[in-house]
Each structure stands twice: as C-alpha cells, then as structure tokens.
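Chain residues, written in single-letter form:
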Amino acid sequence: MSHSSTLLHFLRHVSFPPDRHLLPSALKSCPARPLARALHAAAAVSGLAEDPFVASSLLHTYLRLGAPGDARSVFDRMPEKSVVGWSALIAGYSARGDAEAAWGLLEQMRSAGVEPNVITWNGLVSGLNQSGRALDAVTALARMHREGFLPDATGVSCALSAVGDVKELSVGEQVHGYVVKAGCRLDACVVTALIDMYGKCGRADEISRVFHESSHMDVTSCNALVAGLSRNAQVSEALLLFREFVSRGVELNVVSWTLIVACCVQNGKDLEAVDLFRKMQSEGIEPNAVTIPCVLPAFANVAALMHGRAAHCFSLRQGFIHDVYVGSALVDMYAKCGKVRDARTIFDAMPSKNVVSWNAMIGGYAMHGEAANAVHLFRLMQNLKQKPDLVTFTCVLGACGQAGLTEDGRRYFHEMQQRHGISPRMEHYACMVTVLGRAGKLDEAYDLINEMPFEPDGCIWGSLLGSCRVYGNVLLAEVAAEKLFELEPENAGNYVLLSNIYASKKMWDGVNRVRDEMKNMGLKKEKGCSWIEIKNKVHTLLAGDNSHPMMTAITEKLNQLAIEMSRLGFAPSTDFVLHDVEEQEKDNILAVHSEKLAVALGLISTSPGTPLRVIKNLRICGDCHEAMKFISCFEGREISVRDTNRFHHFKDGKCSCGDYW
DNA sequence: GTAGGGTTAG
C-alpha cells in the first residue's frame, strides 16, 4: 500500500474532530511519516499540538519514524519540557549515531534545570549501542556511574553488547564490576549479555563460569552459550551443554538448533552436524533460510549428495531458493559433491549474486580442474561489474595451477595487484608457487618465495615440495622439507613426501634417514579416511581398519581386481609407490588405502554402471591413482575422488587431472 | 493518553 492510500485508509477509521485523548493512540499506531504529519497538522489546527500528552506522542512518533528534525521542532515548541521529552530526544539522537548531539542535549537539559534520571542514561547507552557507537556507549555508562547513577540491568546489558562489538576485554571486565556492585548478576538478561561479551572477547573459560554461577537455563542463555563456545572452538563443551538444555526440556528455537549445527560444521564435526540437523526436524523445528547454508558445508564435506539434494528441494518448497546465501551454498555443495554441472545450473538460476556466489562457482571449476570455465567466469563477472576479491584470485590462480596455465597465472597475479589494487596474501603466493612448479619452473618458484614480503608458511613450502616430487628435484626438495620440518614438526605427511622423492630416485639412504627421523619424532602418518554415499547412507572407511561389516566382501573384490590388474599388465608406473614409508612398516603392509576400500564397497553395493563418488582426507597416492584408472576401465564405471587438493574424475582408464596431482 | 534491555549462523 502506498503512503497516500494508507493515509486514506487510516483517516476513514479515525473519528474526527481530533481530541486530546484519541490523538496519542492514533499516533502510537501510525505507520509512516506522511500520516504523522497529517495528524500533526490536524492537531495544530485544533490547537492541540502543545497539549503535553499530544506533543509527547508526536515527539515519540517522529523519532520512531526516523524524523528527528520534526521531533526537534515539536520539542522546541513544548511549553513544559519535562525529563520525559528530553530523554526521548536524547535516545532518538543516540540511536541515529549522533553522539555529539546527544551529549549536547544532556548539557542543555541540565542548563534548563532538568536532571537526567536512570532512564535518560539508559536511553543514551542503548541508542549509542544500537547505532554501532560501541565505545561511546561504554563511555556513557562510565560517565553515568561517575555522576552517581549505579547502572542497572538494562544499562549494563546494553553496554555489554557494545563491548562485544569492540572486543575490549578490560572494558567488559569493568562493566562486569558494575554488575556485581548493582547486584544484578542473576538477572537473566545480564547473564546472557555477559556470556555474549566474554564469548566475543575470546574468554571461553569465563563463559562457563558465568553460566554455572547463574544456572539460568532458557532459550536465550542457550543461544548465547552455544554461539560463544562455537566462536572459541569449544565444540565438545557446546555439545555437552546443548544436550543438557534438550534433556531438561528447555524449549529451544530454530536459532538454537542452527547455532549448534553451525558450531559442529565450523569445528570439523560434520557427521555430528548432519545428525543434529535430522534431530532438529524430528523435534518439530523447521529449518529456516539461515539453517540451510549452515548445514550444506557438512553435506559437502562428507559428500552426502542425497542430503544436499534434499536440502535443495526443501529450499525450493520453502521459497529459500532465491536467497543469495542459500544459492551460493548450494553451488558450493554441488561442486564439492562432484556435480559441477548442477552447481552451474543453480548458479545461472540465481536471481542475484554477490562475490561469494561467483567465488563458489569459480572455485568449483578450479577444484575440478576446469580452468577454462573458471577463467571465462572470472572475465564474465568483471564484465558484469562484480568486483573480485581476495578469494576470487585464490580460486582463479588455483585453477591456473591445476591446469598448467602458467602464463595466465602470471598475468592474473600481476593484474590482481595493478588493476585491482589487491596485495597478494600467503595463499596467493602458494598458488603462484604451484603455477610455476606445475610448469617445472622450480627455480623461479624458489625465487618468488625468497622475494615474498613476509615469511613463507608451511603451505608455500608444501607446494614447492609437491612440485619437486613431480619433477624429481631432490636438491630443492631437501630445502623445502627442512623448512617444513621446522614449521610443522608434527606433520608426518612432509616426511612421507620427502621419503617418496628419495625412493623415486632409488636413494635408499635418504629413505632410511627420513624414516628413522620420523620414528624418533614418534610420528605416524595420518590415518587415511574416505567417505562414500550409497543409497542415502554415508559410509566411512579407514585405512587398515577391518571393522566395516562388509569387509570380507570388500577384500574379496579387491583381490579379484588385483588379479585382473596384473593379468592385464596394468602395473603401477612409478617406483616410489612401492617404497612408501608406510609400506615399509610391517604393521602397515596389509593396510589398504581407504579410497580403495570405498570404491570396492561401492562396486559391490551398486548396480553396474552406477557412478561412484569418493571423498578422502589425504591426497590420493600414485598407486591408488593408477588402480582407479584401471577400475574405471575394467568395471566400466565413472569414479570421482575428491582429495584434499582437487577432484579426480576417472573414466575409461583416464583421469581428468592428466596424472598431475 | 507520555521514556529504557540481552541472543542469531554465511
């Protein structure tokens, strides 16, 4: 409804002539400024505009509708300016972020002989907090205290919220002091606000202390707790407390459940998140347009495509599909589940896109090694005047690295700085090391590392080490590995990689030295873990773990495949895989890598020709890579494996990565 | 018939 028709509609239902008792309630429900002005005019004509109640109502209405100028002129005409009028005006200016005007009014009211009360002060603090002037809000609270007013529950709650915004722990502790002095530490709102403040200031220990002291359990304290613990990576504590709220029958809402799901997703507990998402619905809580993009990364991480599709359908039914966050998360989920075409379909249908949407799609192409599509989209986004950001360049440079587009990579790295004024960060240098390393320009990559304006991290050296393996450069590999052993002494993968490089050159001394060092450090290679979704259920397979109920059949299938492989002369082409450190350890001789277990399970559990999608937690090894090529051909299956680095699509004996990984 | 409060994910 337009303003004028609202006005007509309203006037028809208001009896006239206006009177001093009716006008305030009419103003209270007045929805828009033109109507307020009409009522104001009507009041003025009948000489009611200066009635204290009518004037006060006009003042509040104008402030509520964001017309401080009108409010001010009403105020200026008030014959008797009470503390109520002054307080309202001060709150109004603070809420618009005009701290200076608010302070000025406070002075003026005093000069006029009217003293502020607690409500005046709280209005000031609250308004400043609402308008994002957090430091001013805290200053106001401190001044209130200095001038003899002990802040009450309302004041400290607002101030604590402000402290959270600026993350000033020492100020927060000072406000906590007022809480103790004023004796409002058991007030439910104050407890929640304290939890929120300590969470935002990084003090998980204080969150728990405040909560246990009050033992107040309602939906808001639960939400503040989970949000605060999640922010500080205390996922176990968050889960523990959340379950306690549930078991005590506290009525939680969609925000509570979304928070705990998001907490699990952000702290690496994907399967837990999937489970909680299901539980939430069985408890009768409908996911909303925020829940969906929170849970989708969990589906993506464990390749739960069916769950992801269900969330997609749900979003269509509920009308969330046009939400830019939902769309971007779906693009990301489909790409990570191996369905880059489906991702593109969603992307193209999105009615509005932001930089996150573009990054998700470009990153999806990069992950699948489809550099041409990534670059094309990157150009398109610029034609459509969407500005790229840091992440965009990580995706584009990543795509160039995956596909060996060395010159393009160089150009974009340059363009990013010159044309877009974005200084490269660590991840961009890591991408460039891969771009150069992929082309065998190892010395150039090493030079780039030495010219970097900050200390290179493990990713940078890891990228160089990876390229050294491909090109068999032992000398640079040793340099990179030395740095890695310093930076990531606990990361066994670096030792394994160096050992593999020695093995590929038949440098057995080196192999033994690295293996001994690993043993001395007490390091074990991270257990390989793969996920495969079969008929709506995600199966987790661990290397060397025989606990899967189908293990006998899996082993039988793998043996059969091994026999076929050697019969058809499909032997691993590289040396190093036979001398993997892992395989030299007696315990591990029989360990089969998890992706092979997953594929074998997929082969025996699905009908012929069904594509298989596997996700694994480490990089795929050379032996498995060869085996997958063979299986795709021998069994006539499309197999996709997403490792920590990228997607490998195996079909007809070939891999989409072109044997570069 | 007139002024005041906290939690929410990408």
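It should be noted that the structure appears before, not after, this text.
Residues numbered from 1 in each chain as written. Chains lettered and ligands numbered in written order. Predicted model: local features only at pLDDT ≥ 70, side-chain atom pairs only at ≥ 80, totals over all residues. Heavy atoms only, no water.

Participant: Help me understand the nonpolar core in this model?
Facilitator: Within soluble globular proteins, side chains that are nonpolar generally end up buried alongside one another. One finds Leu59, Phe299, Met333 and Leu464 to be the most contacted residues of the largest nonpolar core, which totals 183 residues. Split by domain, this core shows at least three residues from each of two domains, domain 1 (425–524) and domain 2 (529–655). Within the second largest apolar cluster, 28 residues are counted, among which are Leu561, Met565, Ala598 and Leu612. (Core = buried A, V, L, I, M, F, W, Y, C linked by side-chain atoms within 4.5 Å. Buried < 20%, exposed > 50% of the residue type's maximum accessible area, 1.4 Å probe, protein only. Domains from an automatic or database assignment.)

Participant: How do you make sense of unusual backbone geometry when you look at a structure like this?
Facilitator: What is expected of a backbone is that most residues other than glycine have negative phi and most peptide bonds are trans. One non-glycine residue, Ser215, lies in positive phi territory at about 55 degrees. Secondary-structure assignment places Ser215 in the loop between helix H13 (204–214) and helix H14 (219–231). Given a relative accessible area of 53%, Ser215 falls into the exposed group. (Helix = DSSP H or I, 4+ residues; strand = E, 2+ residues; numbered from the N terminus.)

Participant: Just checking my understanding: could you explain the protein's contact with DNA strand B for this structure?
Facilitator: Inspection of the region around DNA strand B gives 38 residues, with Phe53, His60, Asp152, Val255 and Tyr325 positioned closest. Near the protein, within 4 Å, the atoms of DNA strand B are sugar or phosphate in 32% of cases. Within the side chain of Thr192, a nitrogen or oxygen atom sits 2.9 Å from a base nitrogen of DNA strand B. Among the residues forming the surface near DNA strand B, the class breakdown is 15 nonpolar, 14 polar and nine charged. (Near = heavy atom within 4 Å. Polar contact = N/O pair within 3.5 Å; in protein donor to acceptor, adjacent residues only side chain to side chain. Nonpolar A, V, L, I, M, F, W, Y, C, P; charged D, E, K, R; others polar.)

Participant: How should the pattern of salt bridges be read in this particular structure?
Facilitator: Any two side chains of opposite charge can pair, so long as their charged atoms come close to each other. Applying the stated criterion across every chain yields a total of 31 salt bridges. Taking the shortest distance from any N to any O, the salt bridge between Arg410 and Glu444 comes out at 2.2 Å. Note that Arg410 is positioned in helix H25 (residues 406–418) and Glu444 in helix H27 (residues 442–451), a separation of 34 residues in sequence. In this structure, the salt-bridge partner of Lys616 is Glu595, at a minimum N-O distance of 2.9 Å. Taken as a pair, Lys616 in strand S3 (residues 612–616) and Glu595 in helix H34 (residues 594–605) lie far apart in primary sequence, 21 residues in all. (Salt bridge = Lys/Arg side-chain N within 4 Å of Asp/Glu carboxyl O.)

Participant: Sorry, what's going on with the pairing of strand S4 (residues 639–642) here?
Facilitator: Side-chain direction in a regular strand flips from residue to residue, so the side chains alternate between the two faces of the sheet. Covered by surrounding structure in S4 are Ile639 and Val641 together with Ser640 and Arg642, the residues of both alternating faces. Pairing between S3 and S4: four bridges, direction parallel. In the sheet register, Ile615 faces S4, and the bridge partner there is Arg642. Strand direction decides the pairing type here: S4 and strand S5 (residues 647–651), joined by four bridges, are antiparallel. The residue bridging Ile639 from the neighbouring strand is Phe650, located in S5. Where S4 folds back on S5, the antiparallel hairpin that results is connected by four residues. (Pairing = 2+ DSSP bridges.)

Participant: Explain the sheet that holds S3 to me, please; I cannot follow it from the model alone.
Facilitator: Strand pairing in a sheet relies on backbone hydrogen bonds. The paired strands run either parallel or antiparallel. Sheet architecture is open: six strands sit in the order S2-S1-S3-S4-S5-S6, paired in mixed fashion. Of all strands in the sheet, those bounded by a partner on one side alone are strand S2 (537–542) and strand S6 (654–655). Judged from the three bridges that link them, strand S1 (residues 529–534) and S3 form a sheet pairing that is antiparallel. Within S3, the residue paired with Trp531 across the bridge is Ile615.

Participant: Would you mind showing me how to read the packing of aromatic side chains here?
Facilitator: Two measures describe an aromatic ring pair: the distance that separates the ring centres and the angle between the ring planes. Enumeration according to the criterion identifies 14 aromatic pairs in this entry. Ring centres of Phe413 and Tyr429 lie 5.5 Å apart, and the angle between their planes is 75 degrees; on these two criteria the pair is classed as edge-to-face. Linking Phe413 in helix H25 with Tyr429 in helix H26 (residues 426–438), this pair joins segments that are 16 residues apart in sequence. Under the relative-accessibility criterion, Tyr429 is labelled buried at 9%. Across from the ring centre of Phe347, 5.0 Å away, lies the NZ or CZ of Lys353, which sits over that ring. We note Arg411 situated over the ring of Tyr412; from NZ or CZ to the ring centre the distance is 5.1 Å. (Phe/Tyr/Trp six-rings, centres within 6.5 Å; stacked < 30°, edge-to-face > 60°. Lys NZ or Arg CZ within 6 Å of the ring centre and 35° of its normal.)

Participant: Where do I start with the environment of Lys353 in this structure?
Facilitator: For Lys353, the location among the structural elements is in the loop between helix H21 (340–349) and helix H22 (355–367). For Lys353, a relative accessible area of 29% translates into the label partly exposed. For Lys353 and Gln386, which are 33 residues apart along the polypeptide, the C-alpha to C-alpha distance reads 9.0 Å. In contact with Lys353, not counting residues within four places along its chain, are Val324, Phe347, Asp348, Trp358 and Gln386. Looking at Lys353, its side chain comes within polar contact range of the main-chain oxygen of Phe347, at 3.4 Å. At 3.5 Å, the side chain of Lys353 forms a polar contact with the backbone oxygen of Met350. (Contact = heavy atoms within 4.5 Å.)

Participant: What am I meant to see in a negative patch on the surface here?
Facilitator: On the surface, Glu478, Glu482, Glu486, Asp516 and Glu517 cluster together into a negatively charged patch. Broken down by secondary-structure element, the contributors of at least two residues to the negative patch are helix H29 (474–487) and helix H31 (508–520). The element that contributes the greatest number of residues to the negative patch is H29, accounting for three residues. When you line up the elements, Asp516 lands in helix H31. (Patch = residues over 30% accessible without salt bridge, like charges linked within 9 Å, V, L, I, M, F, W, Y side chains within 5 Å. Areas by Shrake-Rupley, 256 points an atom, 1.4 Å probe, with all protein chains shown as cover. Lys, Arg positive; Asp, Glu negative; His and termini not counted. Charge placed at Lys NZ, Arg CZ, Asp CG, Glu CD.)

Participant: What is the right way to look at the pairing of S1 in this model?
Facilitator: With six of its six residues buried, S1 lies for the most part within the structure. Covered by surrounding structure in S1 are Cys529, Trp531 and Glu533 together with Ser530, Ile532 and Ile534, the residues of both alternating faces. Direction of pairing for S1 relative to S2: antiparallel, over a ladder of six bridges. Opposite Ile532, over in S2, you have His539 as the bridge partner. Where S1 folds back on S2, the antiparallel hairpin that results is connected by two residues, among which Lys535 adopts a positive phi of roughly 45 degrees.

Participant: Can you walk me through the side chain of Gln382 in this structure?
Facilitator: By the secondary structure assignment, Gln382 is in helix H23 (residues 371–383). Side-chain polar atoms of Gln382 contact the backbone oxygen of Phe378, separated by 3.2 Å. Discounting chain neighbours no more than four positions away, the residues touching Gln382 are Pro388, Glu415, Arg419 and His420.

Participant: Is there a simple way to explain the packing of helix H6 (residues 83–95) against helix H7 (residues 99–111) in this structure?
Facilitator: Working note: a packed helix pair is described by the angle between its axes plus the distance between those axes. Two elements in contact, H6 and H7, have axes separated by 8 Å at closest approach and are oriented at 165 degrees. Classed by the angle they form, the pair H6 and H7 counts as roughly antiparallel. In the packing of H6 onto H7, the handedness of the crossing is left-handed. Taking contact as the criterion, the partners of Val83, Trp86, Leu89, Ile90, Tyr93 and Ser94 in H6 are, on H7, Ala101, Ala102, Leu105, Leu106, Gln108 and Met109. Considering only residue class, the contact of H6 with H7 consists of ten nonpolar, two polar and no charged. (Axes fitted to C-alpha atoms, helices over the stretch in contact; angles between N-to-C directions. Parallel < 35°, antiparallel > 145°, perpendicular 65-115°, else oblique. Left-handed = near helix turned anticlockwise from the far one by under 90°.)

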